[in-house]
Amino acid sequence: MSAGTVAVVVTEEIGVPSWDLYELSIPCTVFGKPQPDLADPWYHLRLCGTGAGPEAGDGAADGHGLSLRTRYGLDDLVGADTVIVPSVPDPCVEEGRPLPRELIRALRRAHDAGARMVSLCTGAFALAEAGLLDGRRATAHWIHTAQLAERYPKVQVDASVLYVDDGDVLTSAGLTAGLDLCLHLVRRDLGAHVANQLARRMVVPAHRPGGQAQFIELSVPASDDAGLAPVLEWARANLDRSLTVADLARRAAMSPRTFYRRLQAATGTTPLQWLLDQRLGRARSLLESTDLPIEKVGELSGLGTANNLRHHFLRHLGVSPGDYRRAFPGARTTGRDRTRV
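Computed from a prediction, not measured in an experiment: that's the story for all the values here.

A. Expanded view of the packing of aromatic side chains. One pass over the structure, following the stated rule, counts four aromatic pairs. Ring centres 4.8 Å apart and planes at 75° place the aromatic pair Phe 31 and Tyr 43 in the edge-to-face group. Taken as a pair, Phe 31 in helix α1 (residues 21-32) and Tyr 43 in the loop between α1 and β3 (44-49) lie far apart in primary sequence, 12 residues in all. For the residue pair Phe 31 and Tyr 43, the accessibility class agrees, reading buried in each case. Ring plane angle 90° and centroid distance 5.3 Å describe the contact between Trp 42 and Tyr 43, whose orientation is recorded as edge-to-face. Judged by its relative accessible area of 7%, Tyr 43 is buried. Through a chain of ring-to-ring contacts, three or more aromatic side chains come together here, namely Phe 31, Trp 42 and Tyr 43. For Arg 46, the ring lying beneath its charged end belongs to Tyr 72, and the centroid distance is 5.7 Å.

B. Up close: the nonpolar core. One finds Leu 77, Val 83, Val 88, Leu 107, Met 117, Leu 127 and Leu 133 to be the most contacted residues of the largest nonpolar core, which totals 34 residues. Filtering out sequence-adjacent residues up to four positions away, Leu 77 remains in contact with Ala 7, Val 9, Cys 48, Val 83, Ala 106, Leu 107 and Ala 110. Within the second largest apolar cluster, 31 residues are counted, among which are Val 30, Tyr 43, Leu 181 and Ala 195.

C. Local environment of empty space enclosed by the protein. For the coordinates displayed, the defined rule picks out one cavity of 30 Å³ or more. Taken as a whole, the largest cavity encloses approximately 110 Å³ of empty space. Surrounding the largest cavity, Val 9, Val 10, Thr 11, Glu 12, Val 16, Asp 20, Leu 24, Leu 68, Pro 86, Ser 87, Val 88 and Pro 89 form its lining. Of the residues contributing to the lining of the largest cavity, the split by class is eight nonpolar, two polar and two charged.

D. Highlighting the side chain of Arg 325. Among the structural elements, Arg 325 can be located in helix α14 (residues 321-327). Buried within the structure, Arg 325 lacks any salt-bridge partner; its nearest side chain of opposite charge belongs to Asp 291, at an N-O separation of 6.3 Å. Separated by 3.2 Å, the side chain of Arg 325 and the backbone oxygen of Leu 287 make a polar contact.

E. The arrangement of the environment of Arg 284 in detail. You can see Arg 284 is positioned in helix α11 (residues 271-289). A residue is classified by how much of its surface remains accessible, and Arg 284, at 5% relative accessible area, is buried.

F. Local environment of the packing of helix α6 (residues 177-190) against helix α7 (residues 192-201). At a minimum axis distance of 7 Å, the contact between α6 and α7 shows a crossing angle of 145°. Pair α6 / α7 crosses with right-handed handedness. Where α6 abuts α7, its residues Leu 183, Val 186, Arg 187 and Leu 190 lie against Ala 192, Val 194, Ala 195, Leu 198 and Ala 199. Grouping the constituent residues of the contact of α6 with α7 by class yields eight nonpolar, no polar and one charged.

G. Region of interest: helix α3 (residues 101-112). Helix length check: α3, at 12 residues, gives a terminal C-alpha distance of 17 Å against a target of 16 Å (1.5 Å per residue), a fit within 8%. The set of residues buried in α3 consists of Leu 103, Ile 104, Ala 106, Leu 107 and Ala 110. Along the long axis of α3, the arc covered by the buried residues comes to 165°, so they all point the same way. Taken together, the buried residues of α3 touch β1 (5-10), β6 (82-85), β7 (116-119) and α4 (124-129). Where α3 terminates, the next one or two residues include Gly 114, which has phi positive at roughly 105°.

Definitions and cut-offs
Residues numbered from 1 in each chain as written. Predicted model: local features only at pLDDT ≥ 70, side-chain atom pairs only at ≥ 80, totals over all residues. Heavy atoms only, no water. Phe/Tyr/Trp six-rings, centres within 6.5 Å; stacked < 30°, edge-to-face > 60°. Helix = DSSP H or I, 4+ residues; strand = E, 2+ residues; numbered from the N terminus. Buried < 20%, exposed > 50% of the residue type's maximum accessible area, 1.4 Å probe, protein only. Lys NZ or Arg CZ within 6 Å of the ring centre and 35° of its normal. Core = buried A, V, L, I, M, F, W, Y, C linked by side-chain atoms within 4.5 Å. Contact = heavy atoms within 4.5 Å. 1 Å grid on protein atoms, 1.4 Å probe; cavity = no way out; pocket = protein on both sides within 12 Å on 5 of 7 lines; lining within 4 Å. Points joined across faces, edges and corners; volume = space filled by probe spheres on them. Nonpolar A, V, L, I, M, F, W, Y, C, P; charged D, E, K, R; others polar. Lys, Arg positive; Asp, Glu negative; His and termini not counted. Salt bridge = Lys/Arg side-chain N within 4 Å of Asp/Glu carboxyl O. Polar contact = N/O pair within 3.5 Å; in protein donor to acceptor, adjacent residues only side chain to side chain. Axes fitted to C-alpha atoms, helices over the stretch in contact; angles between N-to-C directions. Left-handed = near helix turned anticlockwise from the far one by under 90°. Expected span 1.5 Å × (residues − 1). Arc of directions from axis to C-beta.

As structure tokens, this is what we get:
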């Protein structure tokens, strides 16, 4: 087990948006502060700048960013044991602005030289542009996974996980999931005990249950079929009942076959899947907003027993109802369903 050199790419040095500092700070905190009582030597950290700044009209260029001075450049990625891309500029994701070719070439050279390649959040776009994710399973912040999959069809994008360890290439979801991945790297390099002790010092769990699917909002798909709206609203208000496709079709004054076809055209999913999504959404809302017993949550959401609720949460969200509730410790009403208020 050894630590080695970690090179962190600073994709912007002039006018760095303040919101990008979070991902940048994660590897700096994990790998940059010596922990001689845990492992000696600890990691050697390099911050490697690209020399790039914002273009005219960017928010960061208008006074909303910071300037950083790095000791190392892109050539210093080669020779590092681990290379981390914490994020890329927002315009490169949202507007398709090309990433610096010098960065892409440097990432390829570092990989060819044997470096372990890591991305946090939108940093996956840089690894994908370099071709390092082709044919591999990867992830990014769930807000951007659809864009990643569309722009790089050779990448097997998984929006449900906190991070993906594919051996020499690792990717994480957004924000705090980057910390999960960095602690995972410490666990791989220096063992579970060191990673657990480091997590305690950072006042975070050494390992979080579930994936980022539990944080994705289950929205109601837009529908141009106004004739379905009343029955769908009725169904959402009566999820605690035993509802069937035949029940909904009868209420909509349609045959089951016609109802199936129109709902699928309007929402992009089948009636049974739509019902399950609504029930999961209601259960999630109840777990977040009330302290109702798990059995009652299952009953009010129409998912049945506590065991059945647990089955669906583990299958679709990757986390148990209890762990889901603990992940959202906001204010809750006592013994009352405030989602109906």
